[in-house]
Every structure is written in structure tokens, then in C-alpha cells.
Amino acid sequence: MVHMNVDDTAAMIKDMTIRGAGKIARTGVSALSDFVGSYEGRDMKAFRKDLEKAKKKILDSRPTAVSLWNGVHATLKGVEEAKDVGEAISLVQKNAREFIENSTKAVELIGKIGAKRIQDGDTVMTHCNSSAALSVIKTAYEQGKHIKVYATESRPWRQGILTVNDLGKAGIDTTLVIDSAVRTVMTKVDKVFVGADTITSHGVLVNKIGTSQLALSANEARVQFYVCSETYKFSPMTLFGDTVAIEERGFDEIVKKGEIPDSVKIYNPVFDVTPAKYIDAIITELGVMSPGSVYDVLVRQLGERIFQIKE
Ligand code: RUB
């Protein structure tokens, strides 16, 4: 990982130079590790205060993907109990290393597990630009399966351009479609694979705006709809009733200044919500599971920490 300070990292996550739920988590965690690595003070009280400020900056950079929250909390686990600053620094660095390694491994594992759901000759569709979904598609292709991919443009940021560049360069038969072509194209598709920013305790998916229209169209066309998600995209807070904040971004991502009358409002939510009933399965590093299993995984992962989070 490239070394970057907390302010630069937060700014680059905010302006989407660094994007994608897995990547923002790994980069945020890495920035916290670098922050403690260059910390020179030895007063524990001041250290905790400074670390808290750094944590807040990273967490405030983008609101929707819980991967960032889970990554940051996994990294700071145990700091409260550390005897001194030196011990706390080593702990944060070790936790960060482990999170980044496990997260990278999880994406690979999801690829291997999910690829078994793709048959030779399948046509699949994906949305936006998800490393987990692409890991599944690329692994199936590397296994020698002849596949075709439809990828959506994903307005307004057009992350679909990243996706088709990646798939096209890998040699995969790839077709780019505009977002409003989803229902038309779904009749040619066998399976849909998308990523996740957050999955709630009751199995609801929050992902790039437009994901729910793929799910609805897939349901109508009897096409299987798979979510590719590391389990650190499961949201602990939703267990206790919290809802997921849906990020809204500026008008300038949609129109240029002066292009439309000032009186016209622009609404630019960048994620949407797909109900559990439209999801055939969630492909995780722990295996293929139903949306109904998310609650159990969360409870098991949290263990006794569940009560701390509840408070
Ligand atoms: C990206 C997006 C991706 C998920 C999963 O949105 O919605 O599907 O983040 O990505 P944005 P990954 O471009 O606004 O960050 O599988 O790479 O974690």
C-alpha cells in the first residue's frame, strides 16, 4: 500500500479518487496505520485523542459503505486496553495488516466460490465497478469458461468504463450498455453479479444507484441475482435498528452549471436499496449464503462486543 496521511486519504475518498467499498476500507485502515507509525508523542491520553480525531476524519469521508466503519474498528480494537503508546502503535499496525491481508484474500476467495455459479456459455451482467463481482467473473473466465458480460455504464460517475476496461483487457467478451437498457438486455442474461457497500442484518443490499433495477428486472426475467460481498460489509449497527445513510452528491456530477434553469432541482442519491427477496444468494469468503443468514454471521462475529456496540 502507498503511504498517505489521514487528511489526503480522507480527501481522496471523499472526491472518489479512491472508491469501491473494499478499497476505501483498506486505504482508510492503511492511513491509520501510517498515522500511528509516525506518531512521536508518548502521552497515552494525547495519543488516544489524536487517534480519535484521525478515525473521525476517515469515517466522515463517505457515509454509506460500512466496510470503512468495520475496517477502522477492527484496526483500533484493543487500543483502549494498551499499557502505553508503544504497545498501542504496534497493535494498530498489526490489526491494520491483518485487516488488509484478510480483505484481499476474501476478494480472491469470493472469486473462487462464485465462479462455480457460472457455467460454460453463460451470459452475465454486472453493475458499477465491484472488485468482488469482477473477481467472480474473471475467475470463471480464467477457468476456461466461455462467457459474455453486459456491464452498465453506471451514471453519473461512469464506473462501468473501469469495468469494461478491466474485462476487455482480460480478453472477456464484454458489452457496455447504458443504465436504461437494463430491462431490455436482461432477456439475454443468465445471471447477475453485483457488489455491496452494505448489507443489513435482515439481508437488504445497499449498493450503487441502479442496482435495485437490475434486481427487479432479473426477478421479472427469472434471472439469478447474486451479491458478491466480503462479510465486513455486513452492518452491525443495523442489528440495533439503525438505518443506512444513503449518500447524496452534488448537481455538478449530473449537469454543467447553466445547462438547466437555476430553478430546477437536482437529486443525486448515489446508492440504492435492494430488498432481500430479490437476492438469490450472497457470495462471501465464508461461503454462499442466503440474505436470511446475515443476522447469524453478525452475531457470531460480534460475540461479546455486541453489548459494547449496542451502547
Ligand atoms: C461502488 C459500488 C460497488 C461497491 C462494491 O460505488 O457501489 O459496487 O462499493 O465494490 P462507488 P467492491 O464507486 O460510489 O464507490 O466489491 O470493490 O468493494
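Before reading further, recall that the structure is shown in the block above.
Since this is a predicted model, take the numbers as computed values, not measurements. (Residues numbered from 1 in each chain as written. Predicted model: local features only at pLDDT ≥ 70, side-chain atom pairs only at ≥ 80, totals over all residues. Heavy atoms only, no water.)

(A) Just helix H6 (residues 131–142), in detail. The first and last C-alpha atoms of H6 sit 16 Å apart over 12 residues, in line with the 16 Å expected at 1.5 Å per residue. Listed in full, the buried residues belonging to H6 are Ala132, Ala133, Leu134, Ser135, Val136, Ile137, Thr139 and Ala140. Buried positions along H6 lie against helix H5 (85–115), strand E1 (123–126), strand E2 (148–152), helix H7 (159–169), strand E4 (191–194) and strand E7 (224–228). The residue sitting at the N-terminus of H6 and contributing the capping side-chain oxygen is serine 130; that oxygen lies 3.3 Å from the backbone nitrogen of alanine 132. Glycine 144 occupies a position one or two residues after H6 and carries a positive phi of about 95°. (Helix = DSSP H or I, 4+ residues; strand = E, 2+ residues; numbered from the N terminus. Expected span 1.5 Å × (residues − 1). Buried < 20%, exposed > 50% of the residue type's maximum accessible area, 1.4 Å probe, protein only. Contact = heavy atoms within 4.5 Å. Polar contact = N/O pair within 3.5 Å; in protein donor to acceptor, adjacent residues only side chain to side chain.)

(B) Region of the structure containing the packing of helix H2 (residues 21–37) against helix H4 (residues 66–75). Where H2 meets H4, the axes come as close as 8 Å, and the angle between the chain directions of the two elements is 30°. Classified by the interaxial angle, the pair formed by H2 and H4 is roughly parallel. As H2 runs across H4, the sense of the crossing is right-handed. Contact residues: H2 offers Ala21, Gly22, Ile24, Ala25, Gly28, Val29 and Leu32, while H4 offers Ser67, Leu68, Gly71, Val72 and Thr75. (Axes fitted to C-alpha atoms, helices over the stretch in contact; angles between N-to-C directions. Parallel < 35°, antiparallel > 145°, perpendicular 65-115°, else oblique. Left-handed = near helix turned anticlockwise from the far one by under 90°.)

(C) Broad picture of the nonpolar core. In terms of nonpolar packing, the biggest core is built from 29 residues, with Met125, Val192, Phe225 and Val227 touching the most fellow members. Going through the elements one at a time, helix H8 (182–185), E4, helix H9 (211–220), E7 and helix H10 (294–302) are the ones with two or more residues in this core. Counting residues per element, this core draws most heavily on H10, at four residues. Grouped together as the second largest cluster of nonpolar side chains are 20 residues, Val6, Leu32, Ala54 and Ile89 included. (Core = buried A, V, L, I, M, F, W, Y, C linked by side-chain atoms within 4.5 Å.)

Function cannot be read off these values alone, since they describe shape.
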